[in-house]
Amino acid sequence: MTSLDLSPLATIPARQGSRRERRMMWRALAFVAPAALLMLAIYILPVLVLTGFSVTDYQLGALDWSVIGLGNFERAVSDPVFLRALVNTLIYAALVIPLGVGLALGIALLVHGTKRTRGLWEVAYFLPVTATLVAMATVWQFLLHPSLGPVNAAIRWLGFEPVAFLADPALLIPTMALMGIWQVLGFNMVLFLAGLTAIPKDLTEAARLDGAKSPVDRFLTVTWPMLGPTTMFVMVTTSISAFKVFEQVAVLTKGRQGSETLLYAIYLEGFEYAETGYAAALTLIFLALVLILSVGQTFKLDRKVHY
Amino acid sequence: MARFVPHLVLALGACVMLLPFYCMGLTAIRAPSEIFDISLWPIPEDFSAGRNFAKVEERVPMGRFMLNGVIVCAGILIVQVATAVPAAYALAKLKFPGKALFLALVVGALCVPMQALALPLFVGLAKAQLLNTYFALMAPFFLSVFAIFLFRQSFRSYPDEIIEAARLDGFSEFDICWRLVLRGSLPSLSAFAIFSVVAHWNDLYWPMIVVRDTALAPPPLGMLYFSDAESGADYGALMAGATLVTAPMVLCFLLARRQFIAGITMTGVK
């Protein structure tokens, strides 16, 4: 009798357990399903389609198209407009990355030293981050106006010739970079402030006792090395956003006078001229550049959260 | 003396940072005749705010643009949260086949900027005859891999004992996910909401691609239409328009500074 009683008792919980586990698994799959379907529709299929387009001469609306292999990429490397857009984007990044990161570090160091006024400075420097760049680029256009704008009025008052920020082709990209730096400073400042707050006070104190008398010495021996990971992260995010520069071009020049950037050139080819195949190849080049930059960022993001 | 130097430098820098906002507000309330007055004196001789703002509405449907912005931002945020929260809960607390693959896809997708997907998404929406709709404006953003990643990190720290106890008390997984675990992550939720709304209120690239109909334009695209049409003539009205477009996010920032900074800086994926 006892053996007959025992066997069902021993098996039922196990069977219930596996049934329960299976039910939980289906529940979990149901929870993931909407996101997984969207992942398929928004990321996976588009990336496959994009890669497919890039080896064809497909034009949106055209009835026939053919596979041309790497033809689009060959066209890109000899296309003066695309190469100009690439160079413009690199110049833009070369201005925005060092100035946007360096100035932000300087501001963060100064703000970190203040106590009661810290909130005030945070608001003042962070405000441009939240403002709509399209609207603010229109405002900058007015500020830099050769005759009506206060910036040129100040330059004239100082006794210099007015600067044609938005008419001189050589100054267009630097002017856009000026707006880019203006917008990114507060964002980077906040990241640096978080990094600075995380540095233990004892370290700075120990450096002071060890003979690092001046603030510059203490910055070089403690702050700068401790800020390393933050600086790396800020550099990467700033370069990614620099490679995506678009709004300033759309508002100020629409790509006239040779001022296209990478994303604007892609916009024109893909959506204005309906050169779908060629634009897909350009997009892949853009994606490759951003991926090289963001692989480092994701590792950082991952590590920041895990440890 | 050495204590004042940092404040002086910061104050000068702050003036440069705030100059565009100041000039925008000032020009928006000045009469056109004062446009050549380069002084930054805050009180205009002839207070013309009413005239300038009325002119904006006369030229472009700015009210409609703002409403479009609200509809698009709200629609995107609701679907993002509705899809990301259960997926993040399953990733953090449940077992299912393909979990590692799905997580790898989420992390991989974090690196892919929306602009790289715009072309195939545009072709797809064009083939489906869905261009020039609110759906087209919102659809590419329905899945936020960033939200999934963020919520997963936050949900993981929720105690398993409480979830187990809730199951024994007869709570459904749905209730555990939405009413227990999510409640423990409200700071992440509010930070994500701010990040999402700011990003999509300010976005120009995607609306510029899928919308040709003025009546559907969100604020940045509307602002672009306006500044193109104005071609630099009436700066009073232009600055009034810029003020309207910028004001909602700036006001929210001033009211909820801490959450805003947390929300925007939680990610470099701007």
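Residues numbered from 1 in each chain as written. Chains lettered and ligands numbered in written order. Predicted model: local features only at pLDDT ≥ 70, side-chain atom pairs only at ≥ 80, totals over all residues.

1. Thoughts on the overall build of chain B
Stage number 1. For chain B, the helix and strand inventory stands at 14 helices and 0 strands.
Stage number 2. For a compact globule of 270 residues, the expected C-alpha radius of gyration is about 18 Å, and chain B comes in at 23 Å, more than 25% above that figure.
Stage number 3. Taking the principal axes of its C-alpha atoms as reference, chain B extends roughly 75 × 65 × 30 Å.
Stage number 4. When burial is assessed residue by residue, chain B has 46% of its 270 residues classed as buried.
Stage number 5. Once local pairs closer than 6 in sequence are excluded, the contacts in chain B between residues at least 24 apart make up 74%. (Helix = DSSP H or I, 4+ residues; strand = E, 2+ residues; numbered from the N terminus. Rg over C-alpha atoms; globule rule 2.2 N^0.38 Å. Buried ≥ 20, exposed ≤ 12 C-beta atoms within 10 Å, placed from the backbone. Contact = placed C-beta atoms within 7 Å.)

2. Considerations on the packing of helix α7 (residues 169-197) of chain A against helix α10 (residues 228-243) of chain A
All names here are of chain A.
Stage number 1. Running from N to C, α7 and α10 point in directions that differ by 160 degrees, and their axes come no closer than 10 Å. Taken together, the axes of α7 and α10 lie roughly antiparallel to each other. Our pair here, α7 against α10, has a crossing hand that is right-handed. Residues G180, V184, N188, L191, F192 and G195 of α7 form the contact with α10, whose own contacting residues are T230, F233, V234, T238, S241 and A242.
Stage number 2. A breakdown of the residues in the contact of α7 with α10 according to their chemical character gives 6 nonpolar, 6 polar and no charged. (Axes fitted to C-alpha atoms, helices over the stretch in contact; angles between N-to-C directions. Parallel < 35°, antiparallel > 145°, perpendicular 65-115°, else oblique. Left-handed = near helix turned anticlockwise from the far one by under 90°. Nonpolar A, V, L, I, M, F, W, Y, C, P; charged D, E, K, R; others polar.)

3. Observations concerning the domain arrangement of chain A
Residues and elements named next belong to chain A.
Stage number 1. Domain boundaries in chain A define domain 1 (1-54) and domain 2 (75-306).
Stage number 2. The centre of domain 1, based on its C-alpha atoms, is set 45 Å off from the matching centre of domain 2.
Stage number 3. Every contact between the two is made by 4 residues of domain 1 and, on the other side, 6 residues of domain 2. (Domains from an automatic or database assignment.)

4. Things to note about helix α13 (residues 235-255) of chain B
Stage number 1. The terminal C-alpha atoms of α13 of chain B, which comprises 21 residues, lie 29 Å apart, in line with the 30 Å expected from a rise of 1.5 Å per residue.
Stage number 2. Its maximal kink placed at A247 of chain B, α13 of chain B deviates by approximately 45 degrees, while the proline P248 of chain B follows within four residues. (Expected span 1.5 Å × (residues − 1). Bend = angle between axes of the 7 residues up to and from the residue.)

5. Quick notes on the nonpolar core
Stage number 1. In this structure, V139 and M189 of chain A together with I148 of chain B are the most contacted members of the largest nonpolar core, which totals 168 residues.
Stage number 2. Per element, the largest residue contribution to this core is 15 residues, and it comes from α7 of chain A.
Stage number 3. Taken domain by domain, this core gets at least three of its residues from each of domain 1 (1-54) and domain 2 (75-306) of chain A. (Core = buried A, V, L, I, M, F, W, Y, C linked by C-beta atoms within 7 Å.)

6. Side note on the confidence of the model for chain B
Low pLDDT means the predicted atomic positions in that stretch should not be read closely.
Stage number 1. Here chain B averages 88 in pLDDT, and 94% of its residues register 70 or above.
Stage number 2. The ipTM value of the predicted complex is 0.89, and its pTM value is 0.88. (pLDDT = per-residue confidence, 0-100.)

7. Looking at unusual backbone geometry
Stage number 1. The phi dihedral of Q257 of chain A falls on the positive side, at around 55 degrees, and the residue is not glycine.
Stage number 2. Examined against the element boundaries, Q257 of chain A turns out to sit in the loop between α11 (247-252) and α12 (262-272).
Stage number 3. With 13 C-beta atoms packed within 10 Å, Q257 of chain A lands in the partly exposed category.
Stage number 4. Phi is positive for N132 of chain B, close to 60 degrees, though the residue is something other than glycine.
Stage number 5. Here N132 of chain B shows up in the loop between α5 (114-127) and α6 (134-138).
Stage number 6. The partly exposed category is assigned to N132 of chain B, around which 15 C-beta atoms lie within 10 Å.

8. Some thoughts on the interface of chain A and chain B
Stage number 1. Contacts between the two partners involve 78 residues from chain A, matched on the other side by 77 residues from chain B.
Stage number 2. A breakdown of the residues in the side of chain A that touches chain B according to their chemical character gives 60 nonpolar, 14 polar and 4 charged.

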